[in-house]
Amino acid sequence: MLLILLALLLVLAATLYLNRRAAARELLVGWLDRKGIDADLEVERLELNGFVGKVSIGDPKNPDFKVERVEVDYAVGLPWSKAGLGVTPSRVRLVRPIVRAAWRDGELSLGSLDPLVEEFTGKPPKPDSRAPLVIVEGGQARLDTEYGPLRLLADARIDDGKLMRLSGRMPAASLKSGETEARGLAGVIEVTTAGDRTAVKLDAQAERFAVAGTGERRDDGASGGRDDGIRRGGRRLAQRL
């Protein structure tokens with residue numbers, strides 16, 4: 001009887017291993033579905049120490065989050081280990097992720113991801129826990145605001161919850177808030193962290209902007225005072241927005 005039971009367990013384990021892609025997909029998609037989140041997962045590789053696949057969350061025709069390739073390295077904790085039973089990710093690589101978000105009344109919304117974000121951010125961090133290394137390559141955020149739509153492009157590296165490197169760019173956009181308006185507003189940002197010091201380099205400019213009470217200026221490519229005026233106006237515009 002014991003040998004029969006052992007044989008059945010071995011067959012079950014082999015079946016689960018051979019069908020681990022489908023099992024993992026159903027497990028994750030089902031977990032998100034119970035939270036009211038539509039999702040689709042395509043598993044390319046699943047092993048005891050890593051996962052590679054594609055993820056789409058939200059409306060399949062217009063998802064709130066989509067990543068062309070996600071790689072996760074992790075360690076599986078056993079019940080008798082210090083961390084207990086569970087999975088501890090050590091590295092996450094996101095290739096060309098796209099996120100749709102909205103900024104309204106001073107609040108950021110990630111659409112169908114909001115319940116998941118609230119759940120995870122509401123939990124206190126575990127003692128002696130370390131956040132994984134997160135690498136973002138070719139990331140894109142589409143932000144809908146009450147001032148107008150924005151598109152943000154970025155590469156980033158985050159280690160243990162600390163931003164180590166960020167290279168971001170905002171393509172030209174038009175924004176308006178009351179009598180304050182900017183056209184062709186674009187910018188770049190570079191952030192690097194070494195030790196306890198973080199360096200930030202930010203550059204923004206607008207082809208045309210108008211600030212209530214100051215009239216309108218244009219950037220026609222001239223250097224010197226006019227560029228300085230454009231940047232000062234951009235800072236005033238940012239404060240108003």
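Thresholds, definitions, all that
- Residues numbered from 1 in each chain as written.
- Predicted model: local features only at pLDDT ≥ 70, side-chain atom pairs only at ≥ 80, totals over all residues.
- Heavy atoms only, no water.
- Salt bridge = Lys/Arg side-chain N within 4 Å of Asp/Glu carboxyl O.
- Helix = DSSP H or I, 4+ residues; strand = E, 2+ residues; numbered from the N terminus.
- Buried < 20%, exposed > 50% of the residue type's maximum accessible area, 1.4 Å probe, protein only.
- 1 Å grid on protein atoms, 1.4 Å probe; cavity = no way out; pocket = protein on both sides within 12 Å on 5 of 7 lines; lining within 4 Å.
- Points joined across faces, edges and corners; volume = space filled by probe spheres on them.
- Nonpolar A, V, L, I, M, F, W, Y, C, P; charged D, E, K, R; others polar.
- Pairing = 2+ DSSP bridges.
- Core = buried A, V, L, I, M, F, W, Y, C linked by side-chain atoms within 4.5 Å.
- Contact = heavy atoms within 4.5 Å.

Novice: It is not clear to me how the pattern of salt bridges should be interpreted in this structure. Could you clarify?
Specialist: One side chain can pair with another of opposite charge once the charged atoms of both are near each other. What the rule picks out here adds up to twelve salt bridges. Here Arg 93 and Glu 71 are joined by a salt bridge, their closest N and O atoms 2.7 Å apart. With Arg 93 in strand β4 (residues 86-104) and Glu 71 in strand β3 (residues 62-77), this pair connects stretches of sequence that are 22 residues apart. Note on Glu 71: relative accessible area 10%, which makes it buried. In this structure, the salt-bridge partner of Arg 130 is Asp 160, at a minimum N-O distance of 3.5 Å. Of this pair, Arg 130 sits in the loop between α3 (114-121) and β6 (133-145) while Asp 160 sits in the loop between β7 (148-159) and β8 (162-177), placing them 30 residues apart in sequence.

Novice: Can you walk me through the layout of surface pockets in this structure?
Specialist: Empty space among the atoms becomes visible once a probe the size of a water molecule is rolled across them. Space inside the second largest pocket adds up to approximately 210 Å³. In terms of lining, the second largest pocket is formed by 13 residues, of which the most central are Asp 40, Leu 41, Val 55, Ser 56 and Lys 66. Looking at the lining of the second largest pocket, the elements with two or more residues in it are β1 (39-47), β2 (50-59) and β3. When the residues that make up the lining of the second largest pocket are grouped by side-chain class, the tally is five nonpolar, two polar and six charged.

Novice: Sorry if this is basic, but what is going on with the pairing of β1 here?
Specialist: Looking along a regular strand, one sees side chains alternate from face to face of the sheet. Bridging between β1 and β2 involves eight bridges; their strand directions are antiparallel. From the neighbouring strand, Ala 39 faces β2, where its bridge partner is Ile 57. Where β1 folds back on β2, the antiparallel hairpin that results is connected by two residues.

Novice: How do you make sense of the pairing of β6 when you look at a structure like this?
Specialist: Across ten bridges, the pairing between β6 and β7 is antiparallel. Its bridge partner being in β7, Val 134 is matched across the sheet by Ile 158.

Novice: What exactly am I supposed to notice about the nonpolar core here?
Specialist: General note: in soluble globular proteins, nonpolar side chains tend to be found buried as a group. Grouped together as the largest cluster of nonpolar side chains are 21 residues, with contacts concentrated most on Phe 51, Val 55, Ile 57, Val 67, Val 70, Val 72 and Leu 94. For this core, the secondary structure elements donating two or more residues are β1, β2, β3 and β4. The element that contributes the greatest number of residues to this core is β3, accounting for five residues. Non-local contacts of Val 72, meaning those with residues more than four positions away in its chain, are made with Asn 49, Gly 50, Phe 51, Pro 89, Arg 91 and Val 92.

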